[in-house]
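Topology and contacts: notes
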Amino acid sequence: MKTFITLAIILAANVTFSQPQKQNNFLQSVVQVQVTSQEYDTFLPWQKKNPSPKIGYGVAVSSSEVITTENLIRNNTLIELRKASSGEKIPATVVMSDEQANLAILKIADNSNENSLLPVQFADSLSRTDDVSILQFDETAQIQRGKAQIVQVSIRSLPSAPYPTLAFTILTDVNINGEGSPVLRDGKLAGLIISYDRGSRTGNMLPYVTLKHFLSDVRQSPYKGFASAGFLWAPLIDPAKRKYHKVNHANKGILVLDCLLGSGASMSLLPNDVILKWDNYSIDNLGFYEDPDFGRLAFPYLIMGRRSPGDTVPLKIVRNGEEKNITVKLTRRSDIDALVGENVTREREEYIVEGGFIIRELSGAYLQAYGQDWQKNVDPRLVNIYLTKKFHPEKEGDKVVILAGVLPNPINIGYQHFRDDIITKVNGKHIRNLADVFRILKDDGSIKRLSLQSMDIDLVLDQSMLSESNDNLAQLYRIPRLRFQHRKSK
Amino acid sequence: MFAVCTISFLFTGVALSGETDLRESVVKIYITAQRPDYSMPWQSLPPGNGSGSGFIINKRRILTNAHVVSDIRFLQVQKDGDARRYPAKVAFIGHDCDLAVLTVEDPTFFEGTKAVRFSDSLPALNNEVTVLGYPTGGARLSITRGVVSRIDYSIYTHSGADQHLVLQVDAAINPGNSGGPIVFKNKVAGLAFQGLMFAENIGYGIPVPVIQHFLDDISDNKYDGYPELGAAYLETTNPALCRDLGMPPNKTGIVVYYLDPFGSAIGCLKPRDVLFSIDGYKIESDGTVLLNDNNVPFAELLERKQCGQSVVFKVWRDNTEIEVNVPLKISADPFAYRNIYDKLPEYYIFAGLIFSPLNRECLRAANRHSHDRNVNQLNYYSQYAKIDNLNKDRDEFVVLVRQLPHPVNTYTQSFLNGIVTAVNGINIRNLHDLKTAMTKPLNGFHVIKFAGMDDSLILDAVATVKANEEILLRYGVPSPEYFEIVK
């Protein structure tokens, strides 16, 4: 059952030598992906930020489809593909993108013959010490080839989202000039670059297995994506702690800290459980196991890499000193269950502007909009909720609704200094999320008063002025819509 | 961001005859001070030498800044034209108003000196003032001159938390000026105490009303400090809010929305109370009162009060105007994080883990690692302790501030800067509780729980017994604990 990958030495000749890609010089397979992207403005959620260009690469997976990174095409307003040695830009659209995998499939809008691409073959093995090559374009759109060596295989967080992924770290002799650059081994696609550090000349790539997993999922509607179990854990190295949790197996097992509401783990795992085996693989006290293909890896790969949402996996655990066999159902992780969602894709967020009050839900994207030092710059109460209670809604559907700020107007004199305060009630009614506020708005017609956390008086709006003020605010601050709600309300 | 630094002023000899007189009142203060080392709370940082200024007031006393004589190990004073340095003592110190009174045992020191007279009123803007003192740049008395450029209510950097009146002058204030007099028409109008970094010609003085408050306070031979009202309020500039509060249309005031459990007003004022007036002064809707033709924050009236006195508010409560008397008391608030002086840090070491009550030094040290989630939690707890009721079940927040590495505590790094909530099933109200709880292991383990953390710190009880002694010896710690003696 163990596949040993022999160390392959890439000779200069072996691209032409390799059989399936005999004629493929990648001129028709690698494209430059030129994206114009534009996010919504977090602090003025009714408007967008300045559009900005991004350049990366994609690789043909069919005559009209290209695989690239999700981060590259995130918030795109225009995607154009450019072939090697060509100045022509071919418009493309997104077929599917998944921020949990950082992958996307693009389709050429006009699939005429001259635009047709030559799909690449995926590699079928890759080892920790393989030599590989990297393709990218130079300034004149000629294909440039660089050498690289795989130096590490690990589970790490995606650069663009807080999800674990299998990453191959490479050391290269070229400066990688865009994400999505293909990495080849024996003329086959071994992976796509997702990050690169000029200083150390190292980059990380998503390997062929993840690309194949994604592609086969895209081909099988409905898209299932990558699995998650939904629990927090810690290594269990400390001998005192092992003794305390009555774990006798040497160097084995990790400690479950908490299960996320609504996750598969919450149905069967408990805090303080010690997981000895996951899906029949022994887990060591740091959370690693021996993968048949890639060697020693952190166990999240067993979830996101070797399984899919909907699968049920067997576990061997120690609970209260007793060994037990249980199962955990894997699901696709979703922001909806969290008290504070991440909104990693920077989707447009819901808001209400009423009497100059900007009301919205707290999100990871909102906090991070305060810049690199957001942990210092944002009110520590909100940061604390995010850092310690993000996954802990008291009840399903709970969110943190905030008065993000106040747009000065005569109606809100005396309230204009409020910023990033938590709203507990609207019109005297308890609220748990922004949908509640929308409902109250629908029932009551307007916002009459806001109650803020730890404040015993309400911010009251003069109803006789409100309608006029709203019109005035919309005009003055150029707000095309004073309220925005996604059509699919939770 | 401006950094305000402590300093004080002096004149060179130009001058009115009055200033010549004042030369007999100004003294130079030589100090050796030593701060505790909060990262190793059982010992202190290297002692440092410095100097400041001061001046002689009645009853053979010297007035200077608290920051000049804080954490003092050795103290001498010297007068103009006398080479001798006289040992002195700190008789009273007010860290909240940055003032201190020194005494000199040797009566000969006061021969040929003269106590200053204080000005009866604040100088007006643009009045010319002179500043005397021993600033950096020379050894002898220095005099500088400028005008009063602003009188304001501002933060006193020594405590880092208190606000009082300040006198802003455009004369240069430099290190060493601290404690020197600011003179207006031959009388002392203030005491130079801080400057503003990265700004020019901005120096600050403590004006006479604040000095007088301090001297009045110590007249009973003890310093109580400024009372705190402890009421947070909102302006009532919004007409809809006024109507909602049922305020009569011709009335103005501010509305209380939060009462500090350690303040004077709790139990007297209530949330939703509208304060119409304070001691007969009408409060405007923005919280100011009209005082000597100036609109000043109503808190300035509280500035004049001593602990034990009262303040009377006209209050709108339940649609009725009532009078509420608030007796002002000393605020002993363990959740107000001021700069600490003249105190040794409390700590307790167990298994090489150093626990300490949360304080400003601990916050400062922790914030050097600003991206740590435990540090963020400390910041949250320090700012919202009372407002969000985080101090429920706590007399103080006990923090794991440091680890002295030893095999017994190898796996405890992730708990650093965590706030202890329970040890061995016992709720931790204070550092004493922690010490007691550590004597009661559960089934051979010590289990330490922290706020906001799912994981617990586990120690093998048997192993800690031996480790405790070893660690103290290895790291040269003379005592595993220091607790302040409760008076």
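See the structure above.
Since the model is a prediction, treat every value here as computed from it, not as a measurement.

Structural notes on the environment of Val447 of chain B
Tracing the backbone shows Val447 of chain B in strand E27 (residues 445-450). Using a relative accessible area of 8% as the deciding quantity, one classes Val447 of chain B as buried.

Some details on the sheet that holds E27 of chain B
All names here are of chain B. In spatial order, the strands read E26-E25-E27-E28; together these four strands make up an open sheet with antiparallel pairing. Edge positions in the sheet fall to strand E26 (426-427) and strand E28 (457-460), since each of these pairs with one other strand and no more. Summarising the sheet, E27 and E28 pair through four bridges and their orientation is antiparallel. Residue Ile448 lies in a different strand from E28, and its bridge partner there is Leu457. Helix H8 (residues 461-474) rests against E27 and E28 of the sheet, and its axis sits at about 75° to E28.

Remarks on the pattern of salt bridges
Throughout the structure, instances matching the rule amount to 51 salt bridges over all chains. A salt bridge links Glu228 of chain B to Arg338 of chain B, with the shortest nitrogen-to-oxygen separation between them at 3.0 Å. On the criterion of sequence distance, the pair formed by Glu228 of chain B in the loop between helix H2 (208-217) and strand E14 (231-235) and Arg338 of chain B in the loop between strand E21 (320-327) and strand E22 (347-350) is long-range, its members being 110 residues apart. Given a relative accessible area of 28%, Arg338 of chain B falls into the partly exposed group. One salt-bridge network, in which partners are shared between bridges, spans Arg449 and Asp458 of chain A together with Asp244 and Arg272 of chain B.

Overview of empty space enclosed by the protein
Residues and elements named next belong to chain A. Tallied over the entire structure, the rule returns one cavity of 30 Å³ or more. Here the largest cavity defines a volume of roughly 120 Å³. Looking at the lining of the largest cavity residue by residue, the class counts come to four nonpolar, two polar and seven charged. When residues are assigned to domains, the lining of the largest cavity turns out to be shared by domain 1 (24-115) and domain 4 (338-489), each giving three or more.

Some remarks on the pairing of strand E7 (residues 131-137) of chain A
Consecutive residues of a regular strand have side chains that alternate between opposite faces of the sheet. Residue and element names in this part refer to chain A. Judged by how many residues are buried, E7 sits mostly within the fold: six of seven residues are covered. Where E7 lies against strand E8 (residues 143-157), seven bridges are found, and the strand directions are antiparallel. The partner of Ile134 across the bridge, within E8, is Gly146. Taking the residues between adjacent antiparallel strands as the criterion, E7 and E8 are bridged by five residues, where Ala141 takes a positive phi near 65°.

Concerning the environment of Gln34 of chain A
Residues and elements named next belong to chain A. Summarising the element assignment, Gln34 is placed in strand E1 (residues 30-37). Using a relative accessible area of 11% as the deciding quantity, one classes Gln34 as buried. The spacing of Gln34 and Leu81 is 47 residues in sequence and 6.1 Å in space, taken between C-alpha atoms. In this structure Gln34 touches Lys54, Ile55, Leu78, Ile79, Glu80, Arg82 and Lys89, once residues within four positions along its chain are discounted.

With respect to the nonpolar core
Residue and element names in this part refer to chain A. Counting residues in hydrophobic clusters, the biggest one holds 75 residues, and the most contacted among them are Phe231, Leu269 and Trp278. Per-element tally for this core: the top contributor is helix H3 (residues 208-219), with six residues. Setting aside its immediate chain neighbours within four residues, Leu269 contacts Phe231, Val256, Cys259, Ile275, Leu315, Ile317, Arg319, Ile326 and Val328.

Considerations on the interface of chain A and chain B
Taken residue by residue, the interface counts 42 residues in chain A and 38 residues in chain B. Here chain A and chain B share an interface that buries about 3400 Å² over both sides, 56% of which is from carbon and sulfur atoms. For Asp244 of chain B, the salt bridge goes to Arg449 of chain A, with nearest N and O atoms at 2.3 Å. Of all the secondary structure elements, the ones that give two or more residues to the side of chain A that touches chain B are strand E13 (231-235), helix H4 (239-244), strand E14 (254-259), helix H8 (374-377), helix H9 (380-389) and strand E27 (459-460) of chain A. Looking at the side of chain A that touches chain B, the element that brings in the most residues is H9 of chain A, giving six residues. Here the side of chain A that touches chain B is built from residues that sort into 20 nonpolar, 10 polar and 12 charged.

Some points on the environment of Leu382 of chain A
All names here are of chain A. Summarising the element assignment, Leu382 is placed in helix H9. Classification of Leu382 as buried rests on a relative accessible area of 0%. The residues contacting Leu382, other than those within four sequence positions of it, are Leu362, Leu367, Ile402, Asp420 and Ile422.

Rules of the game
Residues numbered from 1 in each chain as written. Chains lettered and ligands numbered in written order. Predicted model: local features only at pLDDT ≥ 70, side-chain atom pairs only at ≥ 80, totals over all residues. Heavy atoms only, no water. Helix = DSSP H or I, 4+ residues; strand = E, 2+ residues; numbered from the N terminus. Buried < 20%, exposed > 50% of the residue type's maximum accessible area, 1.4 Å probe, protein only. Pairing = 2+ DSSP bridges. Contact = heavy atoms within 4.5 Å. Axes fitted to C-alpha atoms, helices over the stretch in contact; angles between N-to-C directions. Salt bridge = Lys/Arg side-chain N within 4 Å of Asp/Glu carboxyl O. 1 Å grid on protein atoms, 1.4 Å probe; cavity = no way out; pocket = protein on both sides within 12 Å on 5 of 7 lines; lining within 4 Å. Points joined across faces, edges and corners; volume = space filled by probe spheres on them. Nonpolar A, V, L, I, M, F, W, Y, C, P; charged D, E, K, R; others polar. Domains from an automatic or database assignment. Core = buried A, V, L, I, M, F, W, Y, C linked by side-chain atoms within 4.5 Å. Buried area = accessible area lost by both parts, 1.4 Å probe.

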